[in-house]
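Here is how the chains run, residue by residue.
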Amino acid sequence: MIQENWHYRLCLMLAFQTLVAHSKKSEDLAEKTIELAKRMNEFCDLNISKAFLFSAINFADDKEAATIDEAIQRHIEELKTKEITHLPEDKETLLKLYDRLQQRKSRRMQWQFYATAKEDKLADLVLKLFDEELKETNAEMCQ
């Protein structure tokens, strides 16, 4: 439980430190600390997407993704500097580039959700996707 609420615990510690440093009276310090910590936590929930760049969010990755990302970056740099790039001509490489670019686009579109999603919401969505995978697998087996 403590590990799940580390962010709230941090807010609580910061709130306590703030109130101790700025309060002349110690009465109601615990209640004021808890209230300030709640507000700090809510503020962080509302603004976390502004504080962290998309690139700071780590995702599950396959072995080839880093290599493909390097190739994509080279093409992007060529387009920036020369306004032209030479794409590979084989279908397999083009498919890998296309697939990875689609993944990256999807992640950019959902980065705020990734940064702010709560564990229970993520768990529900993962279970839904597991069910979809299972249904698709079963449908393929029946064909």
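Further up the page is the structure itself.
Residues numbered from 1 in each chain as written. Predicted model: local features only at pLDDT ≥ 70, side-chain atom pairs only at ≥ 80, totals over all residues. Heavy atoms only, no water.

Some details on the overall build of the protein chain
Note the following rule: What counts as a helix is a DSSP run of H or I of at least four residues, what counts as a strand is a run of E of at least two, and both are numbered from the N terminus. Here's how the labels work: a residue is buried when its accessible area is under 20% of the maximum for its type, exposed when over 50%, partly exposed in between, all with a 1.4 Å probe on protein chains only. Throughout, a contact is declared for two residues whenever any of their heavy atoms are within 4.5 Å.
Each helix and strand counted, the protein chain has 5 helices and 0 strands in total. Along the protein chain, helices (α) and strands (β) appear in the sequence α-α-α-α-α when read from the amino end. Buried residues in the protein chain amount to 15% of all 143 residues. In the protein chain, the share of contacts with a sequence separation of at least 24, taken over all contacts with a separation of at least 6, comes to 58%.

Some details on helix α4 (residues 91–116)
The following threshold applies: Helices are assigned an expected span. That span is 1.5 Å times one less than the residue count. One axis is fitted to the seven residues ending at the residue and one to the seven starting there. The bend at that residue is the angle between these axes.
Here α4 spans 37 Å end to end across 26 residues, near enough to the 38 Å set by a 1.5 Å rise per residue. The largest bend in α4 comes to about 60°, at Gln110. Of the positions making up α4, those classed as buried are Leu97, Arg100, Arg104 and Arg107. In the core, the buried residues of α4 are packed alongside α3 (65–82).

Things to note about the pattern of salt bridges
The test is simple: Counted as salt bridges are all cases of a side-chain nitrogen of Lys or Arg within 4 Å of a carboxyl oxygen of Asp or Glu.
According to the stated counting rule, one finds 6 salt bridges in the structure shown. With its nearest N and O atoms 3.3 Å apart, the salt bridge here joins Arg39 to Glu35. You can see Arg39 and its partner Glu35 sitting in helix α2 (residues 29–51), 4 residues apart, about one turn around the helix. By relative accessible area, which is 55% here, Arg39 ends up exposed. On the basis of relative accessibility, which here comes to 38%, the residue Glu35 falls in the partly exposed class. The partner of Asp69 in a salt bridge is Arg100, and the shortest N-O contact between them spans 2.8 Å.

Section: the environment of Leu101
Tracing the chain through its elements places Leu101 in helix α4. Considered as a pair, Leu101 and Ile72 are 29 residues apart in the sequence and their alpha carbons are 8.1 Å apart.

Overview of the side chain of Arg104
Just so we agree on the cut-off: Under the rule applied, a polar contact is a pair of N or O atoms within 3.5 Å (in protein, one hydrogen donor and one hydrogen acceptor; residues adjacent in sequence only if both atoms are side-chain atoms).
Take Arg104: it is sitting in helix α4. Polar side-chain contacts of Arg104 include one of 3.0 Å to the side chain of Asp69. In this structure Arg104 touches Asp69, Ile72, Gln73 and Ile76, once residues within four positions along its chain are discounted.

Examining the packing of α3 against α4
To characterise two packed helices, one gives the angle between the axes of the helices and the distance between these axes. The criterion, for reference: A fitted line through C-alpha atoms represents every axis, and for helices the fit uses only the stretch in contact; the resulting angles, taken between N-to-C directions, go from 0 to 180 degrees. Orientation categories follow fixed angle ranges, with anything under 35 degrees roughly parallel, anything over 145 roughly antiparallel, 65 to 115 roughly perpendicular, and all other angles oblique. For this classification, the nonpolar set comprises Ala, Val, Leu, Ile, Met, Phe, Trp, Tyr, Cys and Pro, the charged set comprises Asp, Glu, Lys and Arg, and every other residue, Gly included, is treated as polar.
Two elements in contact, α3 and α4, have axes whose closest approach is 10 Å; the angle formed by their N-to-C orientations is 90°. For the element pair α3 / α4, the angle class is roughly perpendicular. Every residue of α4 that contacts α3 at Ala65, Ile68, Asp69, Ala71, Ile72, Gln73 and Ile76 is listed here: Lys96, Leu97, Arg100, Leu101 and Arg104. Of the residues that constitute the contact of α3 with α4, the class distribution is 7 nonpolar, 1 polar and 4 charged.

A closer look at a negative patch on the surface
Put simply, the rule reads: Patch membership is restricted to residues that have no salt bridge and whose relative accessible area is over 30%. Joining uses 9 Å for like charges and 5 Å for the nonpolar side chains Val, Leu, Ile, Met, Phe, Trp and Tyr. Accessibility throughout is a Shrake-Rupley quantity obtained with a 1.4 Å probe, and a residue counts as covered only by protein chains that appear here. As used throughout, the charge tally considers Lys and Arg to be positive and Asp and Glu to be negative, leaving His and the chain termini uncounted. To locate a charge, take atom NZ for lysine, CZ for arginine, CG for aspartate or CD for glutamate.
On the surface, Asp131, Glu132, Glu133, Glu136 and Glu140 cluster together into a patch of negative charge. Following the sequence through the fold, Glu132 ends up in helix α5 (residues 119–142).

Read these as geometric descriptors, not functional statements.
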